[in-house]
Amino acid sequence: MIRKFATVPGFRVVLAGMFLATTLAGTPTIRAQQSTDSPAPSQPSQAQQQPDNPPSGGQEPAEETSSRRRAKPRDYKPWTFTVGGGASLTNGATKSFARSGGGIAAAGVARNFSKYFGFRLDAQFDNLPLRNSALQQALAPGGNAHVYSVTLDPIINIPATKLWSGYIVGGPSYFHRSGELDSSRALPGSACNPFWVWWGGCYAGSLRLDGKFLRSSEDEFGENFGGGIARKIRPNIEIYGEFRYLHGKRNGITTDLRPVTIGVRW
């Protein structure tokens, strides 16, 4: 019977219509199922939605703060101070009238601009014991002399080890040499000998007529040069030994000293 109905043209048209309707009805279902099974597009997180701006309230980024913390600490002290004492060796014309071994006292301060370079200011007192031969030329029973000096020098530091270091200084200097004789049998206006010339009591080759040659007061400018070594005894304290050459001159009158100083630096 089926074969009989299949030969009818109208029956074939009905079957084709039913097949087409079934196909069209199933297509939306498949599309809806595919839409349900596919994952939803991901949404940006809250952190990603925030703008890339620095934190409010004046706070610096963590990266910049950590870089500052990693900054290398300074390996030198901006300021150093020295105090010391010792004795002077005389030289030149000074050696002819003053003995070596006079006591000294010194103090200084240095401003360091790096581990190796700075500037140092020093003040020093040097005692000049007069020789007996000088007192004989002055016709005096006794007397005293001393020198005040101020030096301003570049300083070059030479680190050697963690405990030992050295340094070199040199620059201009100012000297004030003064002294006083107990008395003198010399007469005003008499000819000057070498001691009176060095002492500064002469005027035009003769002793001053006002009789003020018992006291000496000489201001001189010159230079100094020297160096020293230092040994650390505590984290911020060193002991040092120093040798310098001091030379001052004015109107042909000179002062020459070689001070040797031992002291403390911190």
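Residues numbered from 1 in each chain as written. Predicted model: local features only at pLDDT ≥ 70, side-chain atom pairs only at ≥ 80, totals over all residues. Heavy atoms only, no water.

Summarise the overall build of the protein chain; cite the residues concerned and give the values.
Across its full length, the protein chain holds seven helices and 10 strands. Every one of the 266 residues in the protein chain was classed for burial, and the buried ones make up 30%. Restricting the contact set of the protein chain to residue pairs at least 6 apart, pairs at least 24 apart contribute 62%. If you sum the accessible surface of the protein chain, you get close to 17,200 Å²; carbon and sulfur atoms cover 61% of it. (Helix = DSSP H or I, 4+ residues; strand = E, 2+ residues; numbered from the N terminus. Buried < 20%, exposed > 50% of the residue type's maximum accessible area, 1.4 Å probe, protein only. Contact = heavy atoms within 4.5 Å. Areas by Shrake-Rupley, 256 points an atom, 1.4 Å probe, with all protein chains shown as cover.)

Which residues make up the side chain of Arg177, and what are the values?
Inspection of the secondary structure assignment puts Arg177 in strand β5 (residues 164-181). For Arg177, a relative accessible area of 2% puts it in the buried group. A distance of 2.9 Å separates a polar side-chain atom of Arg177 from the backbone oxygen of Trp198. A polar contact of 2.9 Å, which involves the side chain of Arg177, links it to the side chain of Thr255. Beyond its immediate stretch of four places on either side in the chain, Arg177 contacts Leu128, His146, Val147, Trp198, Trp199, Ser216, Ser217, Glu218, Glu220, Ile253, Thr254 and Thr255. (Polar contact = N/O pair within 3.5 Å; in protein donor to acceptor, adjacent residues only side chain to side chain.)

So, the pattern of salt bridges: which residues are in play, and what are the values?
Scanning the entire structure with this criterion turns up nine salt bridges. Note that Asp122 and Arg244 form a salt bridge whose closest N and O atoms lie 2.9 Å from each other. Of this pair, Asp122 sits in strand β3 (residues 117-128) while Arg244 sits in strand β9 (residues 237-250), placing them 122 residues apart in sequence. Neither Asp122 nor Arg244 differs from the other in exposure class; each is buried. What emerges from the salt-bridge pattern is a single network uniting Arg120, Asp122, Asp153, Glu242 and Arg244. (Salt bridge = Lys/Arg side-chain N within 4 Å of Asp/Glu carboxyl O.)

Residues and numbers for the packing of aromatic side chains, please.
By the definition in use, this model includes 11 aromatic pairs. Here Phe97 and Phe195 contribute two aromatic rings whose centre-to-centre distance is 5.8 Å and whose plane-to-plane angle is 70 degrees, an arrangement assigned as edge-to-face. Taken together, the residues span a long stretch of sequence, with Phe97 in helix α5 (residues 92-97) and Phe195 in helix α7 (residues 194-199) at a distance of 98 residues. Within the aromatic cluster, the residues linked to one another by ring pairs are Phe97, Phe195, Trp196, Trp198, Trp199 and Phe213. In this arrangement the basic side chain of Arg177 is found over the ring face of Trp198, its NZ or CZ atom lying 4.0 Å from the centre. (Phe/Tyr/Trp six-rings, centres within 6.5 Å; stacked < 30°, edge-to-face > 60°. Lys NZ or Arg CZ within 6 Å of the ring centre and 35° of its normal.)

Outline a nonpolar patch on the surface, supporting the account with residue identities and numerical values.
There is a patch of nonpolar side chains on the surface, built from Phe113, Tyr116, Phe117, Phe119, Leu121, Val150, Leu152, Ile156, Ile158, Ile168 and Phe225 and spanning about 1,000 Å² of accessible area. Broken down by secondary-structure element, the contributors of at least two residues to the nonpolar patch are β3 and β4 (143-159). With four residues, the single largest contributor to the nonpolar patch is β4. Inspection of the secondary structure assignment puts Phe119 in strand β3. (Patch = residues over 30% accessible without salt bridge, like charges linked within 9 Å, V, L, I, M, F, W, Y side chains within 5 Å.)

Explain the sheet that holds β3 to me, and be specific about the residues and the numbers.
With antiparallel pairing, the eight strands of this closed barrel are ordered in space as β1-β2-β3-β4-β5-β8-β9-β10. Taken over all neighbouring pairs, the strand axes of this sheet differ in orientation by 25 degrees on average, direction set aside. (Pairing = 2+ DSSP bridges. Axes fitted to C-alpha atoms, helices over the stretch in contact; angles between N-to-C directions.)

I'd like to hear about the nonpolar core, residue by residue, with values.
With 22 residues, the main nonpolar core has Leu130, Leu181, Phe195, Trp196 and Trp199 as its most contacted residues. Of all elements in the fold, only α6 (132-138), β4, β5 and α7 reach the threshold of two or more residues within this core. Ranked by the residues each element gives to this core, the list is headed by α7, at four residues. Among residues more than four places away in sequence, those in contact with Trp196 are Gln137, Ala138, Leu181, Ser184, Ala186, Gly201, Cys202, Leu207 and Phe213. Counting five residues, the second-largest nonpolar core is a separate cluster that includes Ile155, Tyr167, Ala230 and Tyr240. (Core = buried A, V, L, I, M, F, W, Y, C linked by side-chain atoms within 4.5 Å.)

Tell me about the environment of Asn127, and name the residues and values.
Among the secondary structure elements, Asn127 is positioned in strand β3. With 17 residues separating them in the primary sequence, Asn127 and Asn144 have C-alpha atoms 8.3 Å apart. Non-local contacts of Asn127, meaning those with residues more than four positions away in its chain, are made with Gly102, Gly103, Ala145 and His146.

Break down the side chain of Glu238 for me, with residues and values.
Turning to its location among the elements, Glu238 is positioned in strand β9. The class of Glu238 is buried, set by a relative accessible area of 16%.

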